[in-house]
Amino acid sequence: MDWMEQEQERGITITSAATTTFWDKHRINIIDTPGHVDFTLEVERALRVLDGAICLFDSVAGVEPQSETVWRQADRYGVPRICFVNKMDRLGANFFRTRDMIVTNLGQTTCTSNSMAQEYRSQMIETIVELDDEAMEGYLEGVEPDEETIKKLIRKGTISISFVPVLCGSAFKNKGVQPLLDAVVDYLPSPLDVPPMKGTDADNPEIIIERAASDDEPFAGLAFKIMSDPFVGSLTFVRIYAGKLTAGSYVLNANKGKKERIGRLLEMHANSREDVKVALAGDIVALAGLKDTITGETLSDPEHPIVLERMDFPDPVIKVAIEPKTKADVDKMGAGLVKLAQEDPSFHFSRDEEINQTVIEGMGELHLEIIVDRLKREFKVEANVGAPQKRGMCTRNNRVDKVNLLISPCGLNPWSLVVDTSSRVKSREVLCQENLPGVMKGLEECMSNGVLAGFPVVDVRAVLVDGSYHDVDSSVLAFQLAARGAFREGIKKAARKMLEPIMKVEVVTPEEHLGDVIGDLNSRRGQINSFNDKPGGLKVVDALVPLAEMFQYVSTLRGMTKGRASYTMQLAKFDVVPQHIQNQLAAKEEEVAA
């Protein structure tokens, strides 16, 4: 199901792909999701709309760090799952070691279905009979449950997440795949086994509405993925929770209150598609022709609106600067970034006019590398990528008197420019309506591009104290230039300080890696504030770290913790940059100017 060129070249799954298959008179809707942590959003939104999951493990590598992350995501959504230990044909494969790692690393009770050892079968029977008093009583009397009862109890335990069945095989050699499909049918829930989907009234969020998984219920579905198709246009993937959906009909986007027409109804098989006329409760289909619907929004019957719970998307953790190589690439890059951001809510981009940069943000270096590669292949955009310039600010900390302007600090909160014309003005004619806008504009231009490494100036009060004008030659532009010159001359004589953004960083790490995490944060000029405990032997570190030191931190953190740690950060404050770093930045700016 890996259809993208990048997936086939790298041998990894990058984007989730949907398909439909049939087994033993049952229809199975499948979404294949990536395993790499950079594409965790694809797993997140798939788990949101699926009723069950198959967790694949490498029989040689066992439970890998990303598997732990995905397992916690499935726990959060309460998704029943079965485990499949794959690649049993490889040298070094060890089913029992992987099974033990599932118990140890994931804290999960297992029910081993594919083991021939009598010992493990006995363990399985002892585990499942605990779910039924009658079966437990018979087992204690020496009567082993029959096959039908065993399957019934395994299904019951799987759906309630009391344990997970573990199977094994080799997908490459087509060994064990058929028993896995049998297990999907026998043990994982169908749409009828899950509780009715709950939502809220479109007009009154306090009113709770339920939709059962029935074709007779009013239609309700959740859009969980947007994909651009070169032949069809924009495709919206929808999980239908209740009711029927037919091609050519109208549905209501309950989040926005807008009607949408279903142009085409498509059953997807990776990147190929098949037109269908109707879709029923439990189906996953792609809709062509929707204009206003984005990921996470609810589509419903216009006569019976309902708003389902929206998805939570992870915040980006890394950013890089990108610029088109030629002028011809500028417009194409903008259009490409917009489309990619519509497809992937974990990808953000922004244009910072202060530093004249376009910055793209994502979940990791591989994520952004794929984004840039897609820009090149799909949108024919050649671009250069590099570390983003850090936004800094220049502040004043003393007072300078000048003939035209008095420039002085006004406190770090708020960071603003104040032009005070209420006092100490000798030449009132300067303040006439025609001239004052020029003074204001000149000062505002200086604030956005300071004399210290070109960073914006904050924390300044500028008081107009004197001025003169000529009846014929004076103009708004003349006052603008005069104000700009006066400001620059005064600010150069001030004791300037450079400010930098300080981020509040929270790192969640296994306890055995705590020392490495703390040492790395200290090396980044970080200030450790507190430690806290988290279930599962995890430690939470709260710290304040300059944003300038956080570039590529996600890669370093994953490397030192074998991918088991994660972090979040948000702006906390601005603080003064150490003098030696200020000197380096100023020297670099002088070199560029020269």
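How each quantity is defined
- Residues numbered from 1 in each chain as written.
- Predicted model: local features only at pLDDT ≥ 70, side-chain atom pairs only at ≥ 80, totals over all residues.
- Heavy atoms only, no water.
- Helix = DSSP H or I, 4+ residues; strand = E, 2+ residues; numbered from the N terminus.
- Buried < 20%, exposed > 50% of the residue type's maximum accessible area, 1.4 Å probe, protein only.
- Contact = heavy atoms within 4.5 Å.
- Pairing = 2+ DSSP bridges.
- Salt bridge = Lys/Arg side-chain N within 4 Å of Asp/Glu carboxyl O.

Looking at an unreviewed UniProt entry, one finds the chain named Elongation factor G chloroplastic, with Prunus yedoensis var. nudiflora as its source organism.

A. Up close: the side chain of Asn86. Residue placement: Asn86 occurs in strand 4 (residues 81–86). Since its relative accessible area comes to 15%, Asn86 is described here as buried. In contact with Asn86, not counting residues within four places along its chain, are Phe57, Asp58, Ser59, Gly169, Ser170 and Ala171.

B. Geometry of the environment of Leu375. Mapped onto the elements of the fold, Leu375 is located in helix 10 (residues 365–379). Apart from the residues within four sequence positions on either side, Leu375 is in contact with Ile322, Met333, Gly336, Leu337, Leu340, Lys380 and Val381.

C. Up close: the sheet that holds strand 8 (residues 208–211). Strand order in the open sheet formed by three strands is 8-7-19, with antiparallel pairing between adjacent strands. Two strands in the sheet have a free side with no partner beyond their single neighbour: strand 8 and strand 19 (307–308). Relative to strand 19, strand 7 (residues 197–200) runs antiparallel, the two being bridged by two bridges. The residue of strand 19 that forms the bridge with Gly199 is Leu308.

D. The arrangement of the pattern of salt bridges in detail. In this structure the tally under the stated criterion is 29 salt bridges. Of the charged contacts, one joins Glu68 and Arg564 as a salt bridge, the two residues approaching to 3.5 Å between their closest N and O atoms. Pair noted here: Glu68 is in helix 3 (residues 65–77) and Arg564 is in the loop between helix 14 (553–560) and strand 32 (566–576), with a separation of 496 residues, a long-range link. Assessed through its relative accessible area of 9%, Glu68 is described here as buried. With its nearest N and O atoms 2.9 Å apart, the salt bridge here joins Arg121 to Glu144. One end of the pair, Arg121, is in helix 5 (residues 118–128); the other, Glu144, is in the loop between helix 6 (133–140) and helix 7 (147–159), with 23 residues separating them in the sequence. By relative accessible area, which is 32% here, Arg121 ends up partly exposed. The class for Glu144 is partly exposed, based on a relative accessible area of 42%.

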